[in-house]
Amino acid sequence: VLPWLIDLIEPFMGLLGLRGEAAIPLVLGNTLNLYAGIAGILSLELTVKEVFILAVMLSFSHNLFIETAVALRVGVKLWVILTVRLGLAVLSALVIRFFWHGGEEIAKYGFLPEQSMEPNGWGEIFLLGLEKASLGILQLALIVIPLMIVVQFLRDYKYLEKLSNALAPFTKIIGIQSNASTTLVAGLVVGLAYGAGLMIQAVEEDGVSKKDATLSFIFLVACHAVIEDTLIFVPLGIPVLPLLIIRVVTAFVLTLLVAYMWNRMEVKQQKGVAPL
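A brief structural summary. The shown structure was predicted, so the numbers you read here are calculated from the model rather than taken from an experiment.

### Thoughts on the overall build of the protein chain
(1) Moving on: Looking only at helices and strands, the protein chain features 13 helices and zero strands.
(2) Moving on: Overall, the protein chain shows an N-to-C arrangement of helices and strands of α-α-α-α-α-α-α-α-α-α-α-α-α.
(3) Moving on: Within the protein chain, the fraction of its 276 residues that count as buried is 42%.
(4) Moving on: Counting only contacts in the protein chain whose residues sit at least 6 apart along the sequence, the fraction spanning at least 24 positions is 72%.

Below, the structure written as structure tokens:
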């Protein structure tokens, strides 16, 4: 089945600088989560540039069903969520494809052993898949389990709230009021789903406006769970610092731009001029 599917979508994947089979981790990551997408990458032989493109795309667009549902629960419009997430994924792939000249060597996935020969028969295919899966899970567990312990510590001892209070003045720079700062900090550290839970509570109890809720989610869909979603790409053998920088800078620039346009529309409405 896979060769037929690859031939069908290969022209579109080629535009993104990817081979057709790279659609497998993209589909897995967007319909399920980042871990499924990484599992798909580990099963393929890709160049460093291709893996980096996939990592950046998946960092912007993953787990679409669940994370879109929680954003809709807060009141963010569906077209905003999908346009931002899918748009950033495609745009980032095009930028990396045309502006990064390098990364043509085959990626080495952590301490996965190099495949010396093609498996022969169902038995060898099963054993090779089991070996790759087990080592891939082990590498992710060594990163994610300690990280989750630290995050739980931050939540239980209220350090997230203290950090949000310290960053409240900073959130105003990107056009978001201080009563939404807890959501931003939680989303940045823990993830979009947990941040959405806090946002739902904040909208109901703290009077967070629809504008602040939308701006917060625009920021978080571009940049959330920055520690976990960055470190889990380490086993793929790609430079993770540029990945983090791309996400943070994109989130700030995009949120500032949307906030500026939103403020201009509000000023025009106050003056009685119909917005464009």
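### A few points about the side chain of Asn63
(1) Moving on: Inspection of the secondary structure puts Asn63 in the loop between helix 4 (48–60) and helix 5 (64–74).
(2) Moving on: By relative accessible area, Asn63 is classed as buried at 13%.
(3) Moving on: Here Asn63 is in contact with Gly29, Asn30, Leu32, Asn33, Thr68 and Arg85, once residues within four sequence places are set aside.

### Digging into helix 9 (residues 181–189)
(1) Moving on: For helix 9, the tally of buried residues reaches seven of nine residues, placing the bulk of the element in the interior.
(2) Moving on: All of the buried residues along helix 9 are Ser181, Thr183, Leu184, Val185, Ala186, Gly187 and Val189.
(3) Moving on: Positioned one or two residues after helix 9, Gly191 has a phi angle of 150°, which is positive.

### Points about the side chain of Glu50
(1) Moving on: One can find Glu50 in helix 4.
(2) Moving on: One polar contact links the side chain of Glu50 to the main-chain amide nitrogen of Thr47, over a distance of 3.0 Å.
(3) Moving on: With near-sequence residues (within four places) excluded, Glu50 lies in contact with Gly17, Leu18 and Arg19.

### Here's the deal with the environment of Ala22
(1) Moving on: Note that Ala22 resides in the loop between helix 1 (2–15) and helix 2 (23–31).
(2) Moving on: The sequence separation of Ala22 and Gly40 amounts to 18 residues, and the corresponding C-alpha distance is 8.3 Å.
(3) Moving on: Setting aside residues up to four positions removed in sequence, Ala22 forms contacts with Met13, Leu44 and Leu54.

### Re unusual backbone geometry
(1) Moving on: At Asn63, a residue that is not glycine, the phi angle is positive and equals roughly 50°.
(2) Moving on: With a phi close to 45°, Ala225 is a non-glycine residue in the positive phi region.
(3) Moving on: For Ala225, the location among the structural elements is in the loop between helix 11 (210–222) and helix 12 (228–231).
(4) Moving on: Residue Ala225 is classed as buried on the basis of its relative accessible area of 3%.

### Details of empty space enclosed by the protein
(1) Moving on: Per the stated rule, a full pass over the model turns up one cavity of 30 Å³ or more.
(2) Moving on: Roughly 40 Å³ of volume is contained in the largest cavity.
(3) Moving on: Ala71, Val76, Val80, Ile81, Val84, Phe217, Ile218 and Val221 together form the lining of the largest cavity.
(4) Moving on: Partitioning the lining of the largest cavity into residue classes produces eight nonpolar, no polar and no charged.

### So, the pattern of salt bridges
(1) Moving on: Under the criterion given, the structure shown has five salt bridges.
(2) Moving on: With a shortest N-O distance of 2.8 Å, Glu50 and Arg19 are connected by a salt bridge. Linking Glu50 in helix 4 with Arg19 in the loop between helix 1 and helix 2, this pair joins segments that are 31 residues apart in sequence.
(3) Moving on: Assessed through its relative accessible area of 7%, Glu50 is described here as buried.
(4) Moving on: Here Arg85 and Glu67 are joined by a salt bridge, their closest N and O atoms 2.9 Å apart. Linking Arg85 in helix 6 (residues 78–99) with Glu67 in helix 5, this pair joins segments that are 18 residues apart in sequence. Exposure class is identical for Arg85 and Glu67. Each is buried.
(5) Moving on: A single salt-bridge network, built from bridges that share partners, covers Arg19, Glu21 and Glu50.

### Section: the nonpolar core
(1) Moving on: Leu18, Ile41, Val51, Met57, Tyr109, Phe233 and Leu236 are the most contacted members of the largest nonpolar core, which has 58 residues in total.
(2) Moving on: Among the elements of the structure, helix 2, helix 3 (34–42), helix 4, helix 5, helix 6, helix 11 and helix 13 (240–270) are those that each provide at least two residues to this core.
(3) Moving on: Counting residues per element, this core draws most heavily on helix 4, which supplies ten residues.
(4) Moving on: Sequence-distant contacts of Phe233, that is, excluding residues within four places in its chain, are made with Leu34, Ile38, Ala55, Ile238, Val240 and Leu243.

### Digging into the environment of Leu135
(1) Moving on: Following the sequence through the fold, Leu135 ends up in helix 7 (residues 121–156).
(2) Moving on: Accessibility expressed as a relative area gives 22% for Leu135, which makes it partly exposed.
(3) Moving on: Considered as a pair, Leu135 and Tyr109 are 26 residues apart in the sequence and their alpha carbons are 9.8 Å apart.

What counts as what
Residues numbered from 1 in each chain as written. Predicted model: local features only at pLDDT ≥ 70, side-chain atom pairs only at ≥ 80, totals over all residues. Heavy atoms only, no water. Helix = DSSP H or I, 4+ residues; strand = E, 2+ residues; numbered from the N terminus. Buried < 20%, exposed > 50% of the residue type's maximum accessible area, 1.4 Å probe, protein only. Contact = heavy atoms within 4.5 Å. Polar contact = N/O pair within 3.5 Å; in protein donor to acceptor, adjacent residues only side chain to side chain. 1 Å grid on protein atoms, 1.4 Å probe; cavity = no way out; pocket = protein on both sides within 12 Å on 5 of 7 lines; lining within 4 Å. Points joined across faces, edges and corners; volume = space filled by probe spheres on them. Nonpolar A, V, L, I, M, F, W, Y, C, P; charged D, E, K, R; others polar. Salt bridge = Lys/Arg side-chain N within 4 Å of Asp/Glu carboxyl O. Core = buried A, V, L, I, M, F, W, Y, C linked by side-chain atoms within 4.5 Å.

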